[in-house]
Amino acid sequence: MAPLQHLRRLYPYRPTALRTGPATQTQYRAAHAHRRADQRAAASHQPHRMLNDRLLNLVTDHLQRAWTPEEICGGLPLEFPNDPAMRLCPETLYAWIYSTDQRERKRWQYLSRGRKRRRKRGGRRTHSERFKWRTSIRDRPAVVGDRLEFRHWESDSVLGAPGTGALHTSVERASRYLQAARIPDTTAEQTLKAQLEVYRELPGHAVRSVTVDNSVEFALHYQLADAVAVPTYFADPYSAWQRGTNEHFNERIRKYLPKRTSFVDLSQEELDELIAEINNRPRKCLGWLTPAEVFQELCWDQGLPCCTWA
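Reading the values: rules and limits
Residues numbered from 1 in each chain as written. Predicted model: local features only at pLDDT ≥ 70, side-chain atom pairs only at ≥ 80, totals over all residues. Heavy atoms only, no water. Buried < 20%, exposed > 50% of the residue type's maximum accessible area, 1.4 Å probe, protein only. Helix = DSSP H or I, 4+ residues; strand = E, 2+ residues; numbered from the N terminus. Pairing = 2+ DSSP bridges. Core = buried A, V, L, I, M, F, W, Y, C linked by side-chain atoms within 4.5 Å. Salt bridge = Lys/Arg side-chain N within 4 Å of Asp/Glu carboxyl O. Contact = heavy atoms within 4.5 Å.

**Examining the pairing of strand β2 (residues 152-159)**
Next, step 1: In terms of burial, β2 is largely enclosed, as 7 of its 8 residues are buried.
Next, step 2: Alignment of β2 against strand β5 (residues 209-212), held across 3 bridges, turns out to be parallel. When the sheet's bridge partners are listed, Trp 153 is paired in β5 with Val 210.
Next, step 3: Bridging between β2 and strand β3 (residues 166-172) involves 7 bridges; their strand directions are antiparallel. For Glu 154, the partnering residue across the bridge sits in β3 and is Val 171.

**Some thoughts on the nonpolar core**
Next, step 1: Core analysis: the biggest nonpolar cluster contains 25 residues, and Trp 153, Tyr 199, Leu 202, Leu 224 and Phe 295 have the highest contact counts within it.
Next, step 2: Sort the elements by how many residues they give to this core and helix α7 (residues 188-201) lands first, with 6 residues.
Next, step 3: One finds Leu 55, Met 86, Leu 93 and Tyr 98 within the second-largest nonpolar core, a separate group that totals 18 residues.

**Some details on the pattern of salt bridges**
Next, step 1: This structure, assessed with the given rule, holds 10 salt bridges.
Next, step 2: Here Glu 71 ties to Arg 252 by a salt bridge, and the two come within 2.8 Å at their closest N and O atoms. Of this pair, Glu 71 sits in helix α4 (residues 69-79) while Arg 252 sits in helix α9 (residues 244-256), and the two are 181 residues apart along the sequence. Exposure class is identical for Glu 71 and Arg 252. Each is buried.
Next, step 3: Between Asp 156 and Arg 243 there is a salt bridge; the shortest N-O distance is 3.0 Å. Taken as a pair, Asp 156 in strand β2 and Arg 243 in the loop between β6 (232-234) and α9 lie far apart in primary sequence, 87 residues in all. Arg 243 matches Asp 156 in its accessibility class, with the two residues each being buried.
Next, step 4: Via salt bridges that share partners, Glu 71, Arg 252 and Arg 281 belong to a single interconnected network.

**Here's the deal with the environment of Leu 220**
Next, step 1: Among the secondary structure elements, Leu 220 is positioned in the loop between β5 and α8 (221-228).
Next, step 2: A relative accessible area of 15% means that Leu 220 is categorised as buried.
Next, step 3: Residues Leu 220 and Thr 232, 12 residues apart in the sequence, show an inter-C-alpha distance of 9.9 Å.
Next, step 4: Contact partners of Leu 220, with chain neighbours within four places excluded, come to Ala 188, Glu 189 and Leu 192.

Below, the structure written as structure tokens:
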């Protein structure tokens, strides 16, 4: 029997049909191919672009300013149109943030949800309604759900630490333009007052409807309709996805004001600065325009008077 070292030099059996090249052509060797495959596998799925110091510094700076990975990656071609090295895929950025090498740096805390581990997206079942004397979201015009029409809003509340007040938030569905007002508590009276203040400060007839959840703070929705002729539609119980735009922007506010934050010293002027910063961040769904820019453009298209809210 031939020694083992001699066997390693033998070519594997190849049928005549596979010998399509000249006799001097490099022939297939299983051991060599397996070694090359292992090398390529080790080099794949690696965040090679994050070895660029300039890109790394920019990404880190924007993450610390509460930009999402999609916002960061979407703005790179506009900011560096002639630099192919300054390009990044959102999935690459997520993989880099959650990679083992970067785990100790805890960059996941700068993301919107601030979770240590990535989770799959899912939904919840819709249960039967329990809030009576309301107009269901199922009776809302289909054009509202398709975001084909301007002036339709979603509203909710963001709670501070117990006994320190809350925020009433409203988001326009087409432009993703956010408004918020400081309220001492989440009673129906205070919520109605905040709604009237927010909507009356907007350009004329910039509010055509509002969609809310089944919380008791919206119990006086009929008074809103009487005061400014704005109907209120109620989402199904346990179906936050039906007003997901508002939920998303509440999470953005939480990046600045985490849960259990006291709102005692939060003034309306400070809140307005926070909301202005959110409204002036580019959004992928808007073609990387900002909500403030889109809202202003839509107001002009509708012939509404201009104001200084942008």
